[in-house]
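The residues making up each chain are set out below.
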Amino acid sequence: MATDYDAPRKNEEDLSEDSIEELKARRAEKNSGAVDEDEAEAAEGFELPGADLSGEELSVRVLPRQADEFTCSKCFLVHHRSQLAYEENGQLVCSECAA
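Residues numbered from 1 in each chain as written. Predicted model: local features only at pLDDT ≥ 70, side-chain atom pairs only at ≥ 80, totals over all residues. Heavy atoms only, no water.

### Remarks on the overall build of the protein chain
And step 1. The helix and strand tally for the protein chain stands at four helices and four strands.
And step 2. If you list the helices and strands of the protein chain from N to C, you get α-α-α-β-β-β-β-α.
And step 3. For the protein chain, long-range pairs separated by at least 24 residues make up 4% of all intrachain contacts whose partners lie at least 6 apart in sequence.
And step 4. Roughly 9,600 Å² of accessible area belongs to the protein chain as shown, and the carbon and sulfur atoms make up 49% of that amount. (Helix = DSSP H or I, 4+ residues; strand = E, 2+ residues; numbered from the N terminus. Contact = heavy atoms within 4.5 Å. Areas by Shrake-Rupley, 256 points an atom, 1.4 Å probe, with all protein chains shown as cover.)

Shown next, in the form of structure tokens:
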């Protein structure tokens, strides 16, 4: 948006003297240029190159929880015993959740 730096600036007194009708007209002018666009609909047509992973197959080896690990009762993540903050009523809490 271009700005005319030579135009006289309004001070606080001039701004407070604007009529309600004038302010409503300005608001209507600003809103008239807005286009309502559904973001979800616009995103459907946009596709990143190489984003189609439907033919990919993932293979991950899942290990059971080890003897030196615990499951946090707040975030349900498996952590090493060194990250144990406290135990309350048999519920183990990691240091991240305790912070």
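### A few points about the nonpolar core
And step 1. In terms of nonpolar packing, the biggest core is built from five residues, these being Phe-70, Cys-72, Leu-92, Val-93 and Cys-94.
And step 2. Ranked by residues supplied to this core, first place goes to strand 4 (residues 91–94) with three residues. (Core = buried A, V, L, I, M, F, W, Y, C linked by side-chain atoms within 4.5 Å. Buried < 20%, exposed > 50% of the residue type's maximum accessible area, 1.4 Å probe, protein only.)

### Quick look at the side chain of His-79
And step 1. Here His-79 lies in strand 2 (residues 78–80).
And step 2. Exposure remark for His-79: the relative accessible area of 8% places this residue in the buried category.
And step 3. A polar contact of 2.7 Å, which involves the side chain of His-79, links it to the side chain of Gln-83.
And step 4. If near-sequence neighbours (up to four positions away) are discounted, His-79 is found in contact with Asp-68, Glu-69, Phe-70, Cys-72, Cys-94 and Glu-96. (Polar contact = N/O pair within 3.5 Å; in protein donor to acceptor, adjacent residues only side chain to side chain.)

### Thoughts on a negative patch on the surface
And step 1. On the surface, Asp-38, Glu-39, Glu-41 and Glu-44 cluster together to form a negatively charged patch.
And step 2. With respect to the secondary-structure elements, Glu-39 resides in helix 3 (residues 39–44).
And step 3. For Glu-39, a relative accessible area of 69% corresponds to the exposed category. (Patch = residues over 30% accessible without salt bridge, like charges linked within 9 Å, V, L, I, M, F, W, Y side chains within 5 Å. Salt bridge = Lys/Arg side-chain N within 4 Å of Asp/Glu carboxyl O. Lys, Arg positive; Asp, Glu negative; His and termini not counted. Charge placed at Lys NZ, Arg CZ, Asp CG, Glu CD.)

### Things to note about a nonpolar patch on the surface
And step 1. A cluster of nonpolar side chains, contributed by Leu-58, Val-60 and Val-62, occupies part of the molecular surface with about 400 Å² of accessible area.
And step 2. Along the chain, Leu-58 turns up in the loop between helix 3 and strand 1 (69–71).
And step 3. Using a relative accessible area of 77% as the deciding quantity, one classes Leu-58 as exposed.

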